[in-house]
Amino acid sequence: CDVLAIRTFHHSNLEEYAKWSSKPVINALTDLEHPCQALADFMTIKEEFHDFNDVVLTFIGDGNNVANSLILCGSLLDIEVRIACPKGFEPKPEIVKKTREILKVQNKLLITNDINEAVKGANVLYTDVWSSMGEENKDKDFVGFSVDSNLVRKASEEAIILHCLPAYRGKEISDEVIESDKSRVFKQAENRMHAQQALLACILS
């Protein structure tokens, strides 16, 4: 083979593959990061706004692997990223530390438990499932962290909606929002293919 794309749970498994492999190793998802998703996400944002100037991305929900990759990638692109999550569900401290080391302007990263503070003026609202399979008992901790029409109205008028799918409609996002004219969720899903093709072309060129 020419490339290994590894989708696993423990990030250490990926690091072990990378240690011994003579071929490039792509992180297709681990419990710590989801960089391939972030590539498609920022591609979608750039298609919408044409550049990253004045983009404010608010991620609402669990400070999970997607949130970790959004703040890391956002710091490289010099984008303001806000993470709104319940207490105890913040992104990993080591990811936040690494992000702050990359950032040129420290106030471009906000981690908060106040969803209204995080949404105000944002032009990208992003959410993900609250719990992975087998973790459904976490859902009770996320009451009040749904992306619904009331919340969207508190963001910028030009705000778009993103979700990395699959979505649990009626939990982290409402039917009305995911099907609205602000939603770019299905374009975002299509861009997974284009972004990963570009990644392969870059690695193999």
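Residues numbered from 1 in each chain as written. Predicted model: local features only at pLDDT ≥ 70, side-chain atom pairs only at ≥ 80, totals over all residues. Heavy atoms only, no water.

## Some words on the nonpolar core
Across soluble globular proteins, nonpolar side chains show a tendency to be buried alongside one another.
Part 1: Of all hydrophobic cores here, the largest spans 31 residues; its most connected members are Phe42, Ile45, Val124 and Tyr126.
Part 2: Of all the elements in the fold, those that place two or more residues in this core are helix 2 (35-49), strand 3 (56-60), helix 3 (65-76), strand 4 (80-84), helix 4 (93-102), strand 6 (124-127) and strand 7 (160-163).
Part 3: With six residues, the top contributor of residues to this core is helix 3.
Part 4: Non-local contacts of Val124, meaning those with residues more than four positions away in its chain, are made with Ile45, Phe49, Val55, Val56, Leu57, Thr58, Ile160 and Leu162.
Part 5: With 19 residues, the next largest nonpolar core counts Ile115, Ala122, Val152 and Ala155 among its residues. (Core = buried A, V, L, I, M, F, W, Y, C linked by side-chain atoms within 4.5 Å. Buried < 20%, exposed > 50% of the residue type's maximum accessible area, 1.4 Å probe, protein only. Helix = DSSP H or I, 4+ residues; strand = E, 2+ residues; numbered from the N terminus. Contact = heavy atoms within 4.5 Å.)

## Notes on unusual backbone geometry
Part 1: Look at the link from Leu165 to Pro166: it is a cis peptide, with omega at -5°.
Part 2: In this structure, Pro166 sits in the loop between strand 7 and helix 7 (175-178).
Part 3: Positive phi, normally seen in glycine, also occurs at His50, with a value near 75°.
Part 4: Examined against the element boundaries, His50 turns out to sit in the loop between helix 2 and strand 3.
Part 5: Taking the relative accessible area as the measure of exposure, His50 reaches 64% and is therefore exposed.

## Things to note about the environment of Leu77
Part 1: Take Leu77: it is sitting in the loop between helix 3 and strand 4.
Part 2: Taking the C-alpha atoms as reference points, Leu77 and Phe52, 25 residues apart in sequence, are found 7.5 Å from one another.
Part 3: In contact with Leu77, not counting residues within four places along its chain, are Phe42 and Phe52.

## Quick notes on a negative patch on the surface
Part 1: Together, Asp51, Asp54, Glu157 and Glu158 make up a region of like negative charge exposed at the surface.
Part 2: Position of Asp51 relative to the elements: it lies in the loop between helix 2 and strand 3.
Part 3: Classification of Asp51 as partly exposed rests on a relative accessible area of 33%. (Patch = residues over 30% accessible without salt bridge, like charges linked within 9 Å, V, L, I, M, F, W, Y side chains within 5 Å. Areas by Shrake-Rupley, 256 points an atom, 1.4 Å probe, with all protein chains shown as cover. Salt bridge = Lys/Arg side-chain N within 4 Å of Asp/Glu carboxyl O. Lys, Arg positive; Asp, Glu negative; His and termini not counted. Charge placed at Lys NZ, Arg CZ, Asp CG, Glu CD.)

## Quick notes on the packing of aromatic side chains
Part 1: This structure, assessed with the given rule, holds four aromatic pairs.
Part 2: For the ring pair Phe59 and Tyr126, a centre distance of 5.5 Å and an interplane angle of 45° mean the geometry is tilted. In this pair, Phe59 is assigned in strand 3 and Tyr126 in strand 6, connecting sequence segments 67 residues apart. Each of the two residues, Phe59 as well as Tyr126, counts as buried.
Part 3: With a centroid separation of 5.7 Å and 15° between ring planes, the pair formed by Trp130 and Phe142 is classed as stacked. Pair noted here: Trp130 is in the loop between strand 6 and helix 6 (149-152) and Phe142 is in the loop between strand 6 and helix 6, with a separation of 12 residues, a long-range link. For the residue pair Trp130 and Phe142, the accessibility class agrees, reading buried in each case.
Part 4: Ring pairing ties together the aromatic residues Phe89, Trp130 and Phe142, which thus form one cluster. (Phe/Tyr/Trp six-rings, centres within 6.5 Å; stacked < 30°, edge-to-face > 60°.)

## Side note on the packing of helix 3 against helix 4
Part 1: Taken N-terminus to C-terminus, the directions of helix 3 and helix 4 make an angle of 10°; their axes are 9 Å apart at the nearest point. As summarised for this structure, helix 3 and helix 4 are arranged roughly parallel, according to the angle between their axes. Between helix 3, through Asn68, Ile71, Leu72, Ser75 and Leu76, and helix 4, the contact on the second element is made entirely by Ile95, Val96, Lys98, Thr99 and Ile102.
Part 2: Its residues assigned to classes, the contact of helix 3 with helix 4 shows six nonpolar, three polar and one charged. (Axes fitted to C-alpha atoms, helices over the stretch in contact; angles between N-to-C directions. Parallel < 35°, antiparallel > 145°, perpendicular 65-115°, else oblique. Nonpolar A, V, L, I, M, F, W, Y, C, P; charged D, E, K, R; others polar.)

## Focus: the packing of helix 2 against helix 3
Any two packed helices are characterised by the angle at which their axes cross and by the distance between the axes.
Part 1: Helix 3 packs onto helix 2 with a crossing angle of 55° between their chain directions and a minimal axis gap of 9 Å. As summarised for this structure, helix 2 and helix 3 are arranged oblique, according to the angle between their axes. Between helix 2 and helix 3 the crossing geometry is right-handed. Residues Pro35, Ala38, Asp41 and Phe42 of helix 2 pack against Ser69, Leu70, Cys73 and Gly74 of helix 3.
Part 2: Of the residues contributing to the contact of helix 2 with helix 3, the split by class is five nonpolar, two polar and one charged. (Left-handed = near helix turned anticlockwise from the far one by under 90°.)

Just distances and angles here, no functional claims.
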